[in-house]
Amino acid sequence: MASLLGVIGLVLVAPLAALPSYDFPDKRPFDGDSWANPYAGWQGPFLKVNLHAHSRAWGGLTAGQTSADELARAYAERGFAALAVSNYHQVTRLEAAPLPIIRAYEHGLNVHKSHRLVLGTDDAVGIDFPVSTRSSRQWVLDVLGHSGGLVGLNHPSLRQGHSCQDVEALTGFQLLEVHNPYATSLFEWDCALSAGRLAWAVGNDDAHSTREESIGIAWNMVGAEVATEHALLGAIGSGRSYVVRGERGRMDVQVVSLEVDEAGAMTLLLDGAARVEWIVDGVVHHAEDGVWESRFEPPAGAHYVRAMVRTPITELVLNPIVRSGRWSRPVATIDWALTFASWAGWLAAAAAVAWLGRPARRLQLVAEPLKRAA
Ligand SMILES: [Zn+2]
């Protein structure tokens, strides 16, 4: 029994021992004399898109209950412009779909629910670590990034899949799922943004069936002219989209435009009355109720500003407008000195375990002459 546990432990830990150790850059808040506004000059359209849903896959081992075709039909019938079928470690292809399908998969086979969303790539990366560390999470993000496509963190707050401290340190993710039926991660998103980890918000159903109540919980309104994968991912990757949490796909307020003038004042236009909240560096700074238009002058020293819009049945999460000019995207790098030290440590530990577990031959050699003498 003990040896079986030992083998299981070894299988779980051995891959971690082989991993490099990373040097995580310090927090690097957005900085500069100008504002970078992902919505600049855009007056619509915004297309309704879900980026995270599961169909039946892996012989029914995962939780998806319906075929990808049925899932696509359900989303098309409910007025979505495009869908990503994001099965685990598998890019799903459809022969004739009733709406554009964005190539996607969900990555993550580990006990912590550290899951990632990969969009716009043909081949799924299979490898993951059942037990993960911050360095293993960074290594996975780097591998996913090299495979092409956009990489996001799914439901980070779910079982601390990616904690506040993780998203402040990690780099190499461009999206963060703030709304998902199983987890709201606005707090983790502000952790990332405050540390200068620029990740655009996405919100998704994480649907596992076509039941009415599982579709249209959270989605994205993407600023693209046409519903092609190229146009949609281009817009999502540059932040020209916003997240909606609604009710069975319904929303009673939409964004018309968000502009920043030369003096730095921000103006949000809506197509209906709602409460508008202006959030500066993670803290609500100003709120107005029942307005179609809201103007906000950020305080000096603000690193990023984001707006949220609320009605009794709808919540809109807009992407941040960030300070730019003196900020560059942080990148975690491999710390080779630490890596070699850690490898040496693991080797020493393995040698010690092997020495302690060696067969007791020498004891026998000593014991034999004693026996003969007796
Ligand atoms: Zn997941």
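Residues numbered from 1 in each chain as written. Predicted model: local features only at pLDDT ≥ 70, side-chain atom pairs only at ≥ 80, totals over all residues. Heavy atoms only, no water.

**As for the packing of aromatic side chains**
In step 1: Enumeration according to the criterion identifies eleven aromatic pairs in this entry.
In step 2: Judged by centre distance (6.4 Å) and plane angle (75°), the ring pair of Phe80 and Trp219 falls under edge-to-face. Linking Phe80 in the loop between α2 (68-77) and β4 (82-84) with Trp219 in strand β12 (residues 218-222), this pair joins segments that are 139 residues apart in sequence.
In step 3: Judged by its relative accessible area of 6%, Phe80 falls in the buried class.
In step 4: In this structure Trp219 comes out as buried when scored by relative accessible area, which is 0%. (Phe/Tyr/Trp six-rings, centres within 6.5 Å; stacked < 30°, edge-to-face > 60°. Helix = DSSP H or I, 4+ residues; strand = E, 2+ residues; numbered from the N terminus. Buried < 20%, exposed > 50% of the residue type's maximum accessible area, 1.4 Å probe, protein only.)

**Things to note about a nonpolar patch on the surface**
In step 1: Residues Leu4, Leu5 and Ile8 make up a contiguous nonpolar surface patch of roughly 290 Å² in combined accessible area.
In step 2: In this structure, Leu4 sits in helix α1 (residues 2-18). (Patch = residues over 30% accessible without salt bridge, like charges linked within 9 Å, V, L, I, M, F, W, Y side chains within 5 Å. Areas by Shrake-Rupley, 256 points an atom, 1.4 Å probe, with all protein chains shown as cover. Salt bridge = Lys/Arg side-chain N within 4 Å of Asp/Glu carboxyl O.)

**Focus on the nonpolar core**
In step 1: Membership of the largest hydrophobic core comes to 54 residues, with the highest contact counts inside it found for Leu51, Ile102, Leu119, Phe173 and Leu176.
In step 2: With five residues, the top contributor of residues to this core is helix α5 (residues 186-194).
In step 3: Beyond its immediate stretch of four places on either side in the chain, Leu51 contacts Ala84, Ser86, Ile102, Leu117, Leu119, Val202, Asn204, Asn220 and Ile236.
In step 4: Of all hydrophobic cores here, the second largest spans 41 residues; its members include Ala53, Ala274, Ala302 and Leu318. (Core = buried A, V, L, I, M, F, W, Y, C linked by side-chain atoms within 4.5 Å. Contact = heavy atoms within 4.5 Å.)

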